[in-house]
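Each chain, letter by letter, is given below.
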Amino acid sequence: MAECPEARPHAEEIEWFPARDLVDAMKAEGLELQVGQTGGGTATFFLRREGSHTFLIGPGSYNWNDPLESQFTTAELYYGPDQYDEDGEPVEFSDDEEKTITPGTPMTDTAQEIAANFHRFNTHPNPTRTDGGT
């Protein structure tokens, strides 16, 4: 069973937000997020668009009764592309691809940052290439 945000140490010092807040903020940026359970009660946002690489945003604590009420915090929120090599192994994110959100960042700013980097990443000529070549 997943640990609830209230049971974590120093939870009163960390500001939690429901998934719905970021879903709504991303809609304002013209992008749709989906919330999924990615094992052990962990919630992850999936940002997809036809012809683009998927971005993962998380982790959070999954709410089985209402996924849009899953809890996330900017104290532990990162995002980046979901990439795999030709053998199906995860590709490490380069420093310019994996991002963290500064704790306490307003939701609209968080959505704008994620959207800008999603669009930037998906305009790379070959976003799956990891050797830095052209």
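Residues numbered from 1 in each chain as written. Predicted model: local features only at pLDDT ≥ 70, side-chain atom pairs only at ≥ 80, totals over all residues. Heavy atoms only, no water.

## With respect to the overall build of the protein
For clarity, the cut-off: A run of H or I in DSSP counts as a helix once it spans at least four residues, and a run of E counts as a strand once it spans at least two, with each numbered from the N terminus. Partly exposed describes any residue whose relative accessible area lies between the buried limit of under 20% and the exposed limit of over 50%, with all areas from a 1.4 Å probe on protein chains only and scaled to the type maximum. We call two residues contacting when some pair of their heavy atoms lies within 4.5 Å. Only the protein chains shown count as cover for residues, with accessible areas throughout obtained via the Shrake-Rupley method and a probe of 1.4 Å.
Tallying secondary structure elements over the protein gives 2 helices and 7 strands in all. Counted from the first residue to the last, the protein has its helices and strands arranged as β-α-β-β-β-β-β-β-α. Looking at the protein residue by residue over its 134 residues, the buried ones come to 38%. Considering only contacts within the protein whose residues lie at least 6 apart along the sequence, 51% involve residues at least 24 apart. Of the roughly 7,900 Å² of accessible surface on the protein, 46% is carried by carbon and sulfur atoms.

## Considering the pattern of salt bridges
Quick note on the threshold: Put simply, a salt bridge is a Lys or Arg side-chain nitrogen that is within 4 Å of an Asp or Glu carboxyl oxygen.
The final tally for this structure, using the stated rule, is 2 salt bridges. Linking Asp66 and Arg20 is a salt bridge whose minimum nitrogen-to-oxygen distance equals 3.4 Å. Of the two residues, Asp66 is situated in the loop between strand S4 (55-61) and strand S5 (71-73) and Arg20 in helix H1 (residues 19-28); the sequence distance between them amounts to 46 residues. The class for Asp66 is partly exposed, based on a relative accessible area of 29%. Taking relative accessible area as the criterion, Arg20 reaches 31% and is therefore assigned partly exposed. For Glu69, the salt bridge goes to Arg20, with nearest N and O atoms at 3.2 Å. Separated by 49 residues along the polypeptide, Glu69 in the loop between S4 and S5 and Arg20 in helix H1 bring together distant segments of the chain.

## Description of helix H2 (residues 107-121)
The line we're drawing: Helix span, as expected, comes to 1.5 Å for every residue beyond the first.
Counted at 1.5 Å a residue, the expected span for H2 with its 15 residues is 21 Å, and the 21 Å between its end C-alpha atoms agrees. Turning to H2, its buried residues are Met107, Thr110, Ala111, Ile114, Ala115, Asn117, Phe118 and Phe121. The inward-facing, buried residues of H2 contact strand S1 (16-18), H1, strand S3 (42-47), S4, strand S6 (78-81) and strand S7 (99-100).

## Brief notes about the pairing of strand S2 (residues 33-37)
Filter applied, for reference: Should DSSP find at least two bridges between two strands, the strands are taken to pair.
Bridge analysis of S2 against S3 gives 5 bridges, and the strand direction is antiparallel. Along S3, the bridge assignment pairs Gln37 with Ala43. From the end of S2 to the start of S3, which pair antiparallel, there are 4 residues, and Gly39 there has a positive phi angle of about 110 degrees.

## Side note on the nonpolar core
The following threshold applies: For this analysis, a nonpolar core means a set of buried residues of the types Ala, Val, Leu, Ile, Met, Phe, Trp, Tyr and Cys, connected via side-chain atoms within 4.5 Å.
By size, the foremost hydrophobic cluster in this structure holds 25 residues, and its most contacted members are Leu22, Met26, Leu33, Phe45, Leu47, Ile57 and Ile114. Listed by contribution, the elements that provide at least two residues to this core are H1, S2, S3, S4 and H2. The residues touching Leu33, leaving out its near neighbours within four places in the chain, are Leu22, Val23, Met26, Phe45, Phe46, Leu47 and Ile57.

## A closer look at the environment of Ala43
Summarising the element assignment, Ala43 is placed in strand S3. As for Ala43 and Ser61, which are separated by 18 residues in sequence, their C-alpha atoms are 5.1 Å apart. If we ignore the near neighbours within four places in the chain, the residues touching Ala43 are Val35, Gly36, Thr38, Gly58, Pro59, Gly60, Ser61, Tyr62, Ser70 and Phe72.

## Observations concerning unusual backbone geometry
Pro59 follows Gly58 through a cis peptide bond whose omega is 0 degrees. Turning to its location among the elements, Pro59 is positioned in strand S4.

## Some remarks on H1
Cut-off, in case you're wondering: What the arc covers is the set of directions going from the helix axis to the C-beta atoms.
What H1 keeps buried is the set Ala19, Leu22, Val23, Ala25 and Met26. Taken end-on, H1 shows its buried residues confined to a sector of 165 degrees, consistent with a single buried face. Check the buried side of H1 and you find it contacts S1, S2, S3, S4, S5 and H2. Downstream of H1 by a residue or two, Gly30 has a phi angle that is positive, lying close to 80 degrees.

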